[in-house]
Amino acid sequence: MDARTGKGTGSGFSSYGSKGERVGRKSVKTHVGWAVEEKNEKRFTRERYSKKRLDSRRNGGTSSKFPSLKSESKNLVNKSLKANEKEEEKSKKGDGDKVREEMEKGSKKNKVDSQEGLLRVGLDMCSKNGDVMGALELYDSALREGIELGQYHYTVLLYLCSSAALGVIRPAKSGTGSRSLDMLSPSSEVRGGVSEDLAEFGDTSKKNFGGTESKIPVSNNAMSVDSTKIHQNSPKKVLNSNRSAFEVAKDDLDGSFIEMDKLSQVSNCFNQSNRQLLEGQMHLRKGVDDSTNIKEDNEIWVSEDFKKYALRRGFEIYEKMCLEKVPMNEATLTSVARMAMSMGNGDMAFDMVKQMKPLGINPRLRSYGPALSAFCNNGDLEKAFGVEEHMLEHGVHPEEPELEALLRVGIDAGKSDKVYYVLHKLRTSVRQVSHSTANLIEKWFKSNAAAAAGKGNWDQRLISEAMVNGGGGWHGQGWLGKGRWNVSHTNVGADGLCLCCGEKLATIDLDPTETEKFAESVASIAIKREKNSSFQKFQKWLDYYGPYEAVVDAANVGLFSQRRFIPSKVNAIVNGIRQMLPSKKWPLIILHNKRITGNKMDEPVNRALIEKWKNGDALYTTPTGSNDDWYWLYAAIKFKCLIVTNDEMRDHIFQLLGNDFFPKWKERHQVHFSFSDSGPVFHMPPPCSVIIQESEKGHWHIPVASEHDSEGERTWLCVTRANSQMAKQSSSPRTKGNS
């Protein structure tokens, strides 16, 4: 490790001390200072602590309960001392006297602030490295020295302890991240180590919903404990107003974990053998990732013993935070909930969420993950759906990982009404399901409970009316029919017919009222963001020159597969889509005004194209400072026409539109394009809505998420009753394949 930069691999700060030779209490702070010297480049900080480091080293140091590797500690100290002595000499030659004068003027308050700031930097680096032991050593040192910890310090500590308690530590990534649908676990969304409140830190992985603990590797030198059996045998404890979370957790820990007086042995075991396991795992994964230049998915897997140790320390830190009356935030309560989840205690995890509103904290989707995971893993159906009910009451909507967990617990319990409810939730919020969710759905339809569910007689008129009122593609009147189901993996033809059962799938678009509301929503946002009434002028222009049957995102087309804007590509797409329109009228071309100026655009061939489009009332150039996305989007919605663009509309501006209308509209109106040797190729909207569909006959068609460009290659689950007339026809030559 480089003493100046603090760069290294593996455990980061956790190698600062060794048993009997650990650097003194003040050296912990200064090690953090050395780690960030190069970044902040403040010489007075180095000068201020230089002599203290030397004195601390000469006088020995406090012993540690958590000894690290001696050789690493010696090397680190020696390098650090040498680097510091060099800096001292430099400062003496230059402006050392001025620096000392500034230090002497400093107040005690500045010293305290500096200590807390250094602790914060150190904890941030521990989070970035996934170094739980290093963070705990800094915490213990801070307590010994009387350094006051704030909300941020506790947040980082609880985050790291909760991550280790779940068995997998993912060193925080730098840069922005985003929550993906198949991840709900630590650090995929942490920015720069840890953000101000660890925003997006807690993404309890879908692996946790399925019981991650059984997959965690255990060191040969560590004690192997089946924590799932411990949880099953432990009595359930419900948190109430008379007992703190720490007291409940302590009872669970005392009843099933190793005794308190053996904790030091566990720590020693971790430092001597499991730290090697952690570093080995880190090295292994980095070695794999190095080959592809991707180092963002490094994971550290910890042993069962260390999971328990981190859990106990986490609850101790939480108890300390409560005693010091440090204000809670969403991140700290979610971390405690995750620790409760690691013990299988869903009640405690849910209680953490329930505390948020009274404290003025808005719960987030990640806040509910631990409680939902624990209840689903324990097979507690009512409590799991109680969590979902609480989510909806507080304006939080489950996504596919949460719905998959609810679906699983419903299937395991054989509750047909719950499964039906979740299928429709998936229909409205997810539309096309992942492969893991599709496997669950298939499991349900092949079960005895699914065969027994349903009614043999129903009012077809009511079903038809419900289909019309719902916009098509579903009725929501419950399971229709009786008996076994047939599940087939198939495709949908270009005519929208299922290649298995021959049923015509529905095309679901916005109704006129929804379209009007959607257009008003886009216009409202655009008007607020555009300057000088630019968007209102565009609206008047559309009223005068419209309507249009297609809109072309010219910048997206002209920059296709290269960085330089090429007008001829736009012309090819415009001419191609024009020939496909019923009226053969020019489509509307939206282009930022900067694209029609410059040396290249002044060439005769390019200038001729611009003039041709203008003469055809087909070109609208957006003004300087505007975002042309709002213009082409609004025009396509207003005229209920096609939009030619490869923009998948995932940017933040499109996220402002929500999920009520946008996904449905986009599917029915976006035209993708590409180029071949013979000219432009258009990928028109799919022949049917790619969404879970429920037919009047009670059949189901479930689209599975696909990486194929062609909708014809997408896999669908075709689910029909085995004794129905349509099911009997499914053995025709049209069938692609049965499961």
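Residues numbered from 1 in each chain as written. Predicted model: local features only at pLDDT ≥ 70, side-chain atom pairs only at ≥ 80, totals over all residues. Heavy atoms only, no water.

- Per an unreviewed UniProt entry, the protein is named ribonuclease P, and its organism is Vitis rotundifolia.
- The UniProt entry for the protein carries the following comment under Catalytic activity (unreviewed entry): "Endonucleolytic cleavage of RNA, removing 5'-extranucleotides from tRNA precursor." (UniProt positions renumbered as here; feature names shortened; annotations may be inferred.)

Side note on the packing of aromatic side chains
- Counted under the stated rule, the structure contains 27 aromatic pairs.
- Look at Trp 479 and Trp 485: their rings are 6.1 Å apart centre to centre, the planes differ by 70°, and that puts the pair in the edge-to-face class.
- A relative accessible area of 8% means that Trp 479 is categorised as buried.
- With a relative accessible area of 6%, Trp 485 lands in the buried category.
- Ring geometry for Tyr 544 and Tyr 545: centres 4.8 Å apart, planes at 80°, overall edge-to-face.
- Taking the relative accessible area as the measure of exposure, Tyr 545 reaches 29% and is therefore partly exposed.
- Among the aromatic residues, those joined into a cluster by ring pairs are Phe 535, Phe 538, Trp 541, Tyr 544, Tyr 545, Tyr 548, Tyr 620, Tyr 631, Tyr 634 and Phe 639.
- Directly above the ring of Trp 474 sits Arg 427, whose terminal nitrogen or CZ lies 4.1 Å from the centroid.
- The positively charged end of Lys 585 is found above the aromatic ring belonging to Tyr 548, 4.6 Å away from the centroid. (Phe/Tyr/Trp six-rings, centres within 6.5 Å; stacked < 30°, edge-to-face > 60°. Buried < 20%, exposed > 50% of the residue type's maximum accessible area, 1.4 Å probe, protein only. Lys NZ or Arg CZ within 6 Å of the ring centre and 35° of its normal.)

Overview of the pairing of strand β11 (residues 700–703)
- By the alternation rule, side chains of β11 split into Trp 700 and Ile 702 and His 701 and Pro 703, which are all buried.
- Where strand β10 (residues 693–694) and β11 come together, 2 bridges link them in antiparallel fashion. Each residue of the ladder has a partner; that of Gln 693, found in β11, is His 701.
- Turn length for the β10-β11 hairpin, with the two strands adjacent in sequence and antiparallel, is 5 residues, and the turn residue Gly 698 shows positive phi of about 90°. (Helix = DSSP H or I, 4+ residues; strand = E, 2+ residues; numbered from the N terminus. Pairing = 2+ DSSP bridges.)

Brief notes about helix α17 (residues 400–413)
- Compared with an ideal rise of 1.5 Å per residue, which puts 14 residues at 20 Å, α17 spans 20 Å between its outermost C-alpha atoms and is within 8% of the ideal.
- Buried residues dominate α17, accounting for 11 of its 14 residues.
- Where α17 is concerned, the buried positions are Glu 400, Pro 401, Glu 402, Leu 403, Glu 404, Ala 405, Leu 406, Leu 407, Val 409, Gly 410 and Ile 411.
- Positive backbone phi, approximately 70°, marks Gly 414, located one or two places after α17. (Expected span 1.5 Å × (residues − 1).)

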